[in-house]
Amino acid sequence: MPSKAWRANPPVQGRRIARRQRPGPPCDAAQLRQGSLPGRTLFQGTGDAFRHCYWNALMEVFVDHETAYEVATRHESQSRGVDKEMDLKNNKKGREIGRYYKARYSKAEAYKKTRSSCKSHVSKGKLWIIKNGNLVRSNA
């Protein structure tokens, strides 16, 4: 369980948590999404959906469910409307992915599998994006 001080002022970006505790080379989710997804998708598009999914999956694998939920939900506390709805749905899907792989693989393997799973979820329409102000599946 995180300390009271940490819970009162947790890191805003989950990728910082995951980077400290996971095996392998450092990974910055922002660099990853910018390198592999078109720039126009980073706000309310597939890049945004992937980022939220992957960030939550990593927190689930390398921290724990309660903290991942708490940090991600608090991160969205200033968001509103369809943007908030999109982010919360993609966060939830990411935590589900992280829990699935955490229960079946080592942390190193789960780390690899969460990335490919979130990418697959984007292309198969299992995540959410915003088009013309409406929440739609990520393959729409």
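Residues numbered from 1 in each chain as written. Predicted model: local features only at pLDDT ≥ 70, side-chain atom pairs only at ≥ 80, totals over all residues. Heavy atoms only, no water.

1. Focus: the nonpolar core
Ranked by size, the top nonpolar core spans 16 residues in total, and within it Y54, I97 and C118 carry the most contacts. Counting only elements with at least two residues in this core, the list comes to helix 4 (46-62), helix 6 (81-104) and helix 7 (107-123). The greatest single-element share of this core, amounting to eight residues, is contributed by helix 4. Those residues in contact with I97 that lie beyond four places of it in its chain are C53, A57, T114, S117, C118 and H121. (Core = buried A, V, L, I, M, F, W, Y, C linked by side-chain atoms within 4.5 Å. Buried < 20%, exposed > 50% of the residue type's maximum accessible area, 1.4 Å probe, protein only. Helix = DSSP H or I, 4+ residues; strand = E, 2+ residues; numbered from the N terminus. Contact = heavy atoms within 4.5 Å.)

2. Let's talk about the pairing of strand 2 (residues 134-137)
As defined by bridge partners, strand 1 (residues 128-131) adjoins strand 2 across four bridges and the pair is classed as antiparallel. Across the sheet, the residue bridging to I130 is L135, located in strand 2. Here strand 1 hands over to strand 2 after two residues, with N132 in that stretch at a positive phi of 55°. (Pairing = 2+ DSSP bridges.)

3. With respect to the side chain of T114
In this structure, T114 sits in helix 7. When neighbours within four sequence positions are excluded, T114 is seen to be in contact with Y54, A57, L58, V61, I97, G98 and Y101.

4. Section: the packing of helix 6 against helix 7
Between helix 6 and helix 7, the least distance of the axes is 9 Å, while the angle of their chain directions is 140°. Crossing hand, helix 6 versus helix 7: right-handed. Across the interface between the two elements, K93, I97, G98, Y101 and K102 of helix 6 pack against A110, K113, T114, S117, C118 and H121 of helix 7. Taken together, the residues that form the contact of helix 6 with helix 7 break down as four nonpolar, four polar and three charged. (Axes fitted to C-alpha atoms, helices over the stretch in contact; angles between N-to-C directions. Left-handed = near helix turned anticlockwise from the far one by under 90°. Nonpolar A, V, L, I, M, F, W, Y, C, P; charged D, E, K, R; others polar.)

5. A look at the confidence of the model for the chain
For any part of a model where pLDDT is low, the fine detail of the predicted coordinates should not be relied upon. With 71% of its residues at a pLDDT of at least 70, the chain reaches an overall mean of 81. Within the chain, no element has a lower average pLDDT than helix 2 (residues 14-21), which sits at 44, and none a higher one than helix 6, at 97. Of the regions scoring below 50 in pLDDT, residues 3-26 engages in 39 contacts with residues more than four places distant in sequence or in other chains. (pLDDT = per-residue confidence, 0-100.)

6. A word on the pattern of salt bridges
Inspection of every chain in the model, using the stated rule, returns five salt bridges. The salt bridge partner of E60 is R99, with a shortest N-O separation of 3.5 Å. Of the two residues, E60 sits in helix 4 while R99 sits in helix 6, which places them 39 residues apart along the sequence. (Salt bridge = Lys/Arg side-chain N within 4 Å of Asp/Glu carboxyl O.)

7. Observations regarding the state of the cysteines
Under the defined criterion, the tally for this structure stands at one disulfide. A disulfide bridge connects C53 with C118, and the sulfur atoms are separated by 2.3 Å. Where C53 bonds to C118 through sulfur, the torsion about that S-S bond is close to -75°, and the disulfide is left-handed. You can see C53 sitting in helix 4 and its partner C118 sitting in helix 7, a full 65 residues away along the chain. Take C53 and C118: they sit in the same class, and that class is buried. (Disulfide = S-S within 2.5 Å.)

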